[in-house]
Amino acid sequence: YQRDQTVHKYVHEIESLFMMAGVVSDQEKIDKLWNGLNTHLQKGLWREKLTPTSCTWEELVDTAVFLEMAESVGDTRRQPK
């Protein structure tokens, strides 16, 4: 799970786990990333009209990073590290 990691760090971690586990299905990767993201980002993805079954990996990562940046504006506690 993402917990206090930035989206970029979490994506890097989960991609490493995929390589070790031999996960090959794009849909499985999307499902695991989506469900591991913090719930406020999952809600934002739904608001952006993305779903785990209709988006690509790139769309998911790009939108999650964008949402994280947007939410951190003016909040010094949530600045990406």
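Above this note sits the structure.
Residues numbered from 1 in each chain as written. Predicted model: local features only at pLDDT ≥ 70, side-chain atom pairs only at ≥ 80, totals over all residues. Heavy atoms only, no water.

Engineer: Lay out the overall build of the protein chain in plain terms, naming residues and giving numbers.
Structural biologist: When helices and strands are tallied, the protein chain shows 4 helices and 0 strands. Its helices and strands taken in sequence order, the protein chain reads α-α-α-α from the N to the C terminus. Relative to its length of 81 residues, the protein chain is compact, with a C-alpha radius of gyration of 12 Å against a globular reference of 12 Å. Overall size of the protein chain, expressed as C-alpha extent along the three principal axes, is 40 × 25 × 15 Å. (Helix = DSSP H or I, 4+ residues; strand = E, 2+ residues; numbered from the N terminus. Rg over C-alpha atoms; globule rule 2.2 N^0.38 Å.)

Engineer: Tell me what's going on with the packing of helix 2 (residues 26-36) against helix 3 (residues 39-47), and back it up with residues and numbers.
Structural biologist: Look at helix 2 against helix 3: their axes get within 8 Å of each other, and the N-to-C directions meet at 120°. By the criterion of interaxial angle, the relationship of helix 2 to helix 3 is oblique. Of helix 3, the residues touching helix 2 (which contributes Trp34, Asn35 and Gly36) are Gln42, Leu45 and Trp46. Per-class residue counts for the contact of helix 2 with helix 3 are 3 nonpolar, 3 polar and no charged. (Axes fitted to C-alpha atoms, helices over the stretch in contact; angles between N-to-C directions. Parallel < 35°, antiparallel > 145°, perpendicular 65-115°, else oblique. Contact = heavy atoms within 4.5 Å. Nonpolar A, V, L, I, M, F, W, Y, C, P; charged D, E, K, R; others polar.)

No statement about biological role is implied by the geometric values presented.
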